[in-house]
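# Residue-level structure breakdown
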Amino acid sequence: MIDNNDSNQTQFASQEPIMEGLASYADPVIPQETQPKKKNSKLILIGIIGFVLLIVFVLLLILIKAMSSTKKVVVDDNGNIIETINGEIDPLLNEVYILAEDLEEGDPSLNTIPFPPVDMELRLDPPRRK
Amino acid sequence: MKKLVFSLLVLLLLFSPVVVTAASPIISQKESIIDEIAEVRRSYKGQLAEYRQANDQFIIAKGQYEKLNTLASLEVAVQDVRKVLSLRDQVLLSYLKIIELELLEADGINLEEKTIALEETKDLQRDFLAHKDLVDNAIDRVAVNQVADDFELLSPRITSLSSYASALLRVGKLQTIYDQSLTLVEATDPRNLTDEPSLKLNEKIRAHNEIKNLMTTLDFNLNFVWDEIKDSRITQQPSETNKLNASIYASLAQVLAFLEEILLDK
């Protein structure tokens, strides 16, 4: 049995239960089991976004590969047909054209160091006979 | 994750200058030689024009001396011939410098032959410089005739070097194109293609074998030409490889045309 024998005469009798009630509802205690649940939902969300991004990335890769396999045929200045991949010349074919240009410069009938057109028998008097 | 990306970027930044600086000395050296060749060629042309002008003047002076036979006309002729002889040496010195630089810049030349040619070029430059000094100090008729006699010893050496260096440069160029073509021939080998239908693959293998046969013949001919050049240097006789050079040139053009055909049919 509770004794209600408060000797404080300045406190209103009705004040006491209200104060007690506020104290009990001011800081509700959150159950500890609810906190990991929020963390888990965040991780799941990040995982879903990551997965979607991965799928988009893979799809983009497939799309790029599919586009690169479509070959275009163009004609160069000399009228030669150049097969291109996405508008770019096949590197091996390009190499062949560069070599062909080098070969033109390396024509063995051309002399890059022709002898200077100078008189190699230049002299004032004719040479003395030995 | 951020740390990983950051460290990758740092690594990339650290290594990129190393790669650039490792490759650049060879390229910059080659570029500086090309620039030097252009510069020497420019001054060579100027010297040649000056030589021609002086030579025309000397021909007139010599004609006057032969016609008048006076001491005054002799003095003019001596002065003029001295000037032309000096300018001719200068032209030939520049020509030797061009040979030296062209040999240094050229790829595909047998190292032993290149070294021998470069040594002879250096020796001749030294001898021509000494001869030019003698010409500049020749003040009378006897002296100018003497330096003209001395030149007769240098003349065959420089003509021989000229034809030798020309042959080296010509064949070196063909050899370089052959070497690069060989890499391309290997890269286009259809045996490396696994997704090709067998009927098409056999056709491509036959075409590729044709190119390989041409390359074998080219290799044989190039080796023969190098041997000929070496022999001509030893025997001091001009090499007779013009026909073979033309044949190598035509075969290389054929190889490149075949490679183009194969690559267009890919």
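Residues numbered from 1 in each chain as written. Chains lettered and ligands numbered in written order. Predicted model: local features only at pLDDT ≥ 70, side-chain atom pairs only at ≥ 80, totals over all residues.

Time to look at the overall build of chain A. In terms of helices and strands, chain A carries 3 helices and 3 strands. Moving toward the C terminus, one meets the helices and strands of chain A in the order α-α-β-β-β-α. A total of 130 residues make up chain A; the buried ones form 5% of that total. (Helix = DSSP H or I, 4+ residues; strand = E, 2+ residues; numbered from the N terminus. Buried ≥ 20, exposed ≤ 12 C-beta atoms within 10 Å, placed from the backbone.)

So, on to the overall build of chain B. Looking only at helices and strands, chain B has 6 helices and 0 strands in total. Starting at the N terminus and ending at the C terminus, chain B contains elements arranged as α-α-α-α-α-α. Evaluated residue by residue, chain B yields a buried proportion of 28% over its 266 residues. Sequence separation of 24 or more characterises 75% of the internal contacts of chain B that already satisfy a separation of 6 or more. (Contact = placed C-beta atoms within 7 Å.)

Here the phi dihedral of B:N69 falls at roughly 55°; this positive angle occurs in a residue that is not glycine. Taking the C-beta count within 10 Å as the criterion, B:N69 has 9 such neighbours and is therefore assigned exposed.

What follows covers the interface of chain A and chain B. With 27 residues of chain A at the contact, the number on the chain B side is 47 residues. Elements that contribute at least two residues to the side of chain A that touches chain B include exactly β2 (81-85) and α3 (91-105) of chain A. No other element matches α3(A), which puts 8 residues into the side of chain A that touches chain B. Considering only residue class, the side of chain A that touches chain B consists of 16 nonpolar, 3 polar and 8 charged. (Nonpolar A, V, L, I, M, F, W, Y, C, P; charged D, E, K, R; others polar.)

Residues and elements named next belong to chain B. By the assigned domains, chain B splits into domain 1 (25-159) and domain 2 (179-264). Placing a centre on the C-alpha atoms of domain 1 and another on those of domain 2 gives a separation of 41 Å. With 4 residues of domain 1 in contact, the opposing surface of domain 2 contributes 5 residues. (Domains from an automatic or database assignment.)

By size, the foremost hydrophobic cluster in this structure holds 56 residues, and its most contacted members are B:V81, B:L168, B:L174 and B:L252. Secondary-structure elements contributing two or more residues to this core are α3 of chain A together with α1 (2-68), α2 (71-105), α3 (111-137), α4 (141-187), α5 (198-235) and α6 (242-264) of chain B. The biggest single contributor to this core is α2(B), with 14 residues. Ignoring anything within four residues of it in the chain, the contact list for B:L252 reads A:L103, B:L174, B:I177, B:Y178, B:S181 and B:L218. (Core = buried A, V, L, I, M, F, W, Y, C linked by C-beta atoms within 7 Å.)

The next subject is the packing of α3(A) against α4(B). Following both chains from N to C, one finds α3(A) and α4(B) inclined at 160°, their axes separated by 11 Å at the closest point. Between α3(A) and α4(B), the angle falls in the class roughly antiparallel. Our pair here, α3(A) against α4(B), has a crossing hand that is left-handed. For the pair α3(A) and α4(B), the contacting residues are A:L92, A:E95, A:V96, A:L99, A:D102 and A:L103 in the first and B:I177, B:Q180, B:S181, B:L184 and B:A187 in the second. Counted by class, the contact of α3(A) with α4(B) contains 7 nonpolar, 2 polar and 2 charged residues. (Axes fitted to C-alpha atoms, helices over the stretch in contact; angles between N-to-C directions. Parallel < 35°, antiparallel > 145°, perpendicular 65-115°, else oblique. Left-handed = near helix turned anticlockwise from the far one by under 90°.)

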